[in-house]
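# Tertiary structure, described
Each chain, written out:
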Amino acid sequence: MTATDWASVATRVQAPSGLLIDGAWVEALDGRRMDVVSPIDGARVASIAIGGSADIDRAVRAARTAFEDGRWSGLAPAQRKQVLIAWADLIVARAEELAYLQTLEMGKPAHESLAIDLRAVGTTMRWFGEAIDKVTDEIPHTDPNALALVTREPAGVVGAIVPWNFPLTMAAWKLAPALATGCSVVLKPAEQSPLSALLLAELGMTAGIPAGVLNVVNGLGAEAGAALSAHRDVDVITFTGSTAVGATIMQASAGSNLKRVWLELGGKSANVVFPDADIERAARTAAWSIFFNQGEMCTAGSRLLVHESIHDEVVDLVMDVAAAMQPRNPFADQAPMGALVSASHLDRVDALVQRAKAEGSRLITGGAAAQVEPGGSYYPPTVFDRVDTAASIAQHEVFGPVLAISTFGSDEEAVRMANSTEYGLASAVWTRDLTRAHRVSRALKVGVCWVNCYEEGDLTLPFGGVKKSGFGRDKSLHALEKFWDLKSTWIQLDE
Ligand code: NAD
């Protein structure tokens with residue numbers, strides 16, 4: 001495959017910079033704008049409108065009006081399907097521009113933005129578009145003198161609040177099922193990644209999403225995000241982000257209108273490697289699973305639990321991958337790792353690494369910011385070995401390329417260690433023994449479990465966590481359930 005000419009893509013990218021409210025690109029009511037700074041080199045790359053609570057209110061009112069008059073909620077599913085598929089086609093056609101903007105704003109390798117994120121975004125829109133006219137309601141068996149209907153009614157106005165690590169994929173995972181059901185949406189992108197969301201929404205309008213059905217309000221989490229969570233006319237909040245903010249959103253719901261809240265939160269996922277595994281594949285994949293996307297991934301394999309007997313072999317292989325995945329300018333051809341999202345996030349990652357060192361955890365590679373030619377926020381693969389499972393680096397989500405390796409002696413100990421954090425998002429089991437694979441994967445308290453692989457799957461599988469990793473599921477037909485209310489109608493027939 002020939003490499004994309006990103007310099008040429010840059011010359012043709014044009015993204016809106018306003019708020020999208022009721023089908024129009026507008027400035028914030030108070031005229032506020034914010035600079036977008038690229039973590040690749042610290043340069044200011046754009047200025048965008050940012051909204052406050054009054055703008056959230058405008059957007060929610062537009063979404064409510066659109067929902068109630070049925071311009072979208074009242075269409076036949078097959079009509080909404082056509083629009084979502086047209087949107088998917090536009091995403092595919094403009095994938096390079098979307099990928100460029102995403103990398104510019106949050107720093108991941110551009111070739112991965114294109115090959116991984118944009119493929120997921122287009123597929124997600126198409127999949128939910130294709131699905132929505134194939135879902136049916138229910139007619140339960142009743143007394144012959146009655147007819148009972150269980151119908152799925154769109155919930156109404158959805159607030160979607162998304163993070164910066166997979167900005168477009170997370171937006172698509174929310175927008176596609178919410179819009180497919182007929183809901184109207186107000187999207188609040190992360191302040192670090194506002195640009196790609198604006199172009200995505202523009203393509204949605206071009207595809208035929210009616211005015212007011214999709215609104216985008218960039219803004220600060222504590223202002224625009226908080227206003228959306230506390231708004232009394234929002235029916236559902238679907239959120240992906242940190243556990244702390246997820247808790248704030250639940251409180252905002254409890255303090256306002258008891259809107260339904262769906263949370264996809266943090267993680268501290270473990271690769272568990274048994275001696276009977278394909279050790280080379282397990283070790284290399286485990287290392288990749290924490291360094292991929294700069295470790296800025298809710299499912300990052302941030303813990304590696306290895307059987308004591310294979311520890312040295314596994315560590316050598318992990319070090320090999322760490323050496324090969326050093327950060328580079330994310331627009332460089334096949335850069336293995338890009339920039340962290342911001343200088344302040346880099347400081348946070350580094351502070352957790354320094355704390356681990358101070359606590360006595362043994363650093364075997366990395367551990368300080370990397371100097372990469374464009375001069376932005378780069379951090380190398382960092383590995384701690386023989387980490388106590390109670391240590392902070394084995395418990396806290398770093399959201400950077402930082403791995404904690406620990407050893408175990410028995411299957412029971414491995415399960416106990418894997419389950420020993422407050423999170424429960426993902427995990428991987430590496431073994432050739434089918435019984436062990438089943439027993440261990442069953443015992444793991446997680447929402448997603450991989451066996452002899454990592455990050456595999458497709459849209460048919462639900463995605464989400466347990467414990468403090470949240471609840472509710474993105475992807476799959478189950479995602480539609482977040483945006484539907486079940487209505488029971490009992491019709492008494494004449495005797
Ligand atoms: P974050 O929680 O700081 O921000 C996420 C979003 O919430 C942003 O849009 C932000 O503006 C908004 N926000 C911030 N404060 C808010 C408030 N008081 N009220 C309402 N909204 C507010 O998280 P982040 O740093 O952007 O993303 C990293 C986190 O996301 C990590 O913990 C990661 O594990 C998690 N994540 C989870 C999943 C998953 O599916 N489980 C996927 C990706 C990321």
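Residues numbered from 1 in each chain as written. Predicted model: local features only at pLDDT ≥ 70, side-chain atom pairs only at ≥ 80, totals over all residues. Heavy atoms only, no water.

When helices and strands are tallied, the chain shows 15 helices and 21 strands. Taking 23 Å as the expected radius of gyration for a compact globule of 495 residues, we find that the chain reaches 23 Å, a close match to that expectation. With the principal axes as the frame, the chain shows a C-alpha extent of 75 × 60 × 45 Å. Relative to its 495 residues, the chain shows a buried fraction of 57%. For the chain, the proportion of contacts with a sequence separation of at least 24, taken over those separated by at least 6, is 74%. Total accessible area on the chain is roughly 19,100 Å²; 53% of this is exposed by carbon and sulfur atoms. Taken as two groups, the 43 positive and 58 negative side-chain charges of the chain have centres that lie 2 Å from each other. (Helix = DSSP H or I, 4+ residues; strand = E, 2+ residues; numbered from the N terminus. Rg over C-alpha atoms; globule rule 2.2 N^0.38 Å. Buried < 20%, exposed > 50% of the residue type's maximum accessible area, 1.4 Å probe, protein only. Contact = heavy atoms within 4.5 Å. Areas by Shrake-Rupley, 256 points an atom, 1.4 Å probe, with all protein chains shown as cover. Lys, Arg positive; Asp, Glu negative; His and termini not counted. Charge placed at Lys NZ, Arg CZ, Asp CG, Glu CD.)

Turning to the nonpolar core, a few remarks are in order. Grouped together as the largest cluster of nonpolar side chains are 100 residues, with contacts concentrated most on W87 and L175. If you tally residues by element for this core, the top one is helix α6 (residues 167-181), at 10 residues. When residues no more than four places from it in sequence are discounted, the contact partners of L175 are W87, M125, A180, V185, L187, L200 and L214. If you look at the next biggest cluster of nonpolar residues, it comprises 23 residues, including V157, I161, L228 and V261. (Core = buried A, V, L, I, M, F, W, Y, C linked by side-chain atoms within 4.5 Å.)

Surveying the vicinity of the ligand reveals 29 residues, the closest of which are K188, E191, S242, L265 and E397. Contact between the ligand and G221: an oxygen atom at 3.5 Å from a main-chain N or O atom of the residue. At 3.5 Å from a nitrogen atom of the ligand is found a main-chain nitrogen or oxygen belonging to A226. Computed on the free molecule, the ligand has an accessible area of 850 Å², of which 88% lies beneath the protein chains in the complex. Secondary structure elements with two or more residues in the shell around the ligand: α8 (221-230), β9 (236-240) and α9 (243-254). Looking at the shell around the ligand, the element that brings in the most residues is α8, giving four residues. (Near = heavy atom within 4 Å. Polar contact = N/O pair within 3.5 Å; in protein donor to acceptor, adjacent residues only side chain to side chain.)

Remark: α6 packs on helix α7 (residues 195-207), axes separated minimally by 9 Å, with the N-to-C direction vectors making an angle of 45°. Classified by the angle between their axes, α6 and α7 sit oblique to one another. Between α6 and α7 lies a crossing of right-handed hand. Contacts from P167, L168, A171 and L175 of α6 reach α7 at S196, A197 and L200. Counted by class, the contact of α6 with α7 contains six nonpolar, one polar and no charged residues. (Axes fitted to C-alpha atoms, helices over the stretch in contact; angles between N-to-C directions. Parallel < 35°, antiparallel > 145°, perpendicular 65-115°, else oblique. Left-handed = near helix turned anticlockwise from the far one by under 90°. Nonpolar A, V, L, I, M, F, W, Y, C, P; charged D, E, K, R; others polar.)

The residue F291 is located in helix α10 (residues 279-291) in this model. F291 sits in the buried class, given a relative accessible area of 0%. In sequence terms F291 and T238 are 53 residues apart; their C-alpha atoms lie 27 Å from each other.

As a further point, take the domain arrangement of the chain. Split by domain assignment, the chain resolves into domain 1 (3-265 + 470-487) and domain 2 (270-458). Each of domain 1 and domain 2 has a C-alpha centre, and these two points are 30 Å apart. A combined buried area of about 2,000 Å² lies between domain 1 and domain 2, and 62% of that area is made up of carbon and sulfur atoms. Between the two partners, domain 1 and domain 2, sit zero salt bridges. Connecting domain 1 to domain 2 are 10 residue pairs in polar contact (both at pLDDT 80 or more). If you list the elements that add at least two residues to the side of domain 1 that touches domain 2, you get α4 (95-106) and α5 (110-132). The dominant element in the side of domain 1 that touches domain 2, judged by the number of residues it contributes, is α4, at five residues. In the side of domain 1 that touches domain 2, the residues fall into 13 nonpolar, seven polar and six charged. (Domains from an automatic or database assignment. Buried area = accessible area lost by both parts, 1.4 Å probe. Salt bridge = Lys/Arg side-chain N within 4 Å of Asp/Glu carboxyl O.)

What follows concerns unusual backbone geometry. The phi dihedral of Q334 falls on the positive side, at around 60°, and the residue is not glycine. Of note in the backbone geometry, E455 takes a positive phi value of approximately 60° without being a glycine. Judged by its relative accessible area of 29%, E455 falls in the partly exposed class.

Let us now look at the sheet that holds strand β17 (residues 426-430). Taken in spatial order, the seven strands of this open sheet run β13-β14-β15-β12-β11-β17-β18, and their pairing is mixed. Both outer strands of the open sheet, β13 (362-365) and β18 (448-451), are each paired with one neighbouring strand and no more. Shown here is a sheet whose adjacent strand axes are inclined to one another by a mean of 20°, direction ignored. Sheet topology note: the β13/strand β14 (residues 382-385) ladder contains three bridges and is antiparallel. Counterpart to T365 in the pairing with β14 is V383. Packing against the sheet, helix α11 (residues 311-324) makes contact with β12 (303-307), β13, β14 and β15 (402-408), and its axis sits at approximately 145° to β12. (Pairing = 2+ DSSP bridges.)

Locating T285 in the fold gives a position in helix α10. The class of T285 is buried, set by a relative accessible area of 19%. Filtering out sequence-adjacent residues up to four positions away, T285 remains in contact with W430 and Y454.

Between α5 and α6, whose axes approach to 9 Å, the crossing angle comes to 10°. Taken together, α5 and α6 sit at an angle that is classed as roughly parallel. Taken together, the residues of α6 that come into contact with α5 (itself represented by D117, L118, A120, V121, T124, M125, F128 and I132) are L168, T169, A172, W173, L175, A176, P177, A180 and T181. Classifying every residue of the contact of α5 with α6 by side-chain character gives 13 nonpolar, three polar and one charged.

Looking at the element boundaries, E105 is found in helix α4. In this structure the side chain of E105 is engaged in a polar contact, spanning 2.7 Å, whose partner is the backbone nitrogen of L195.

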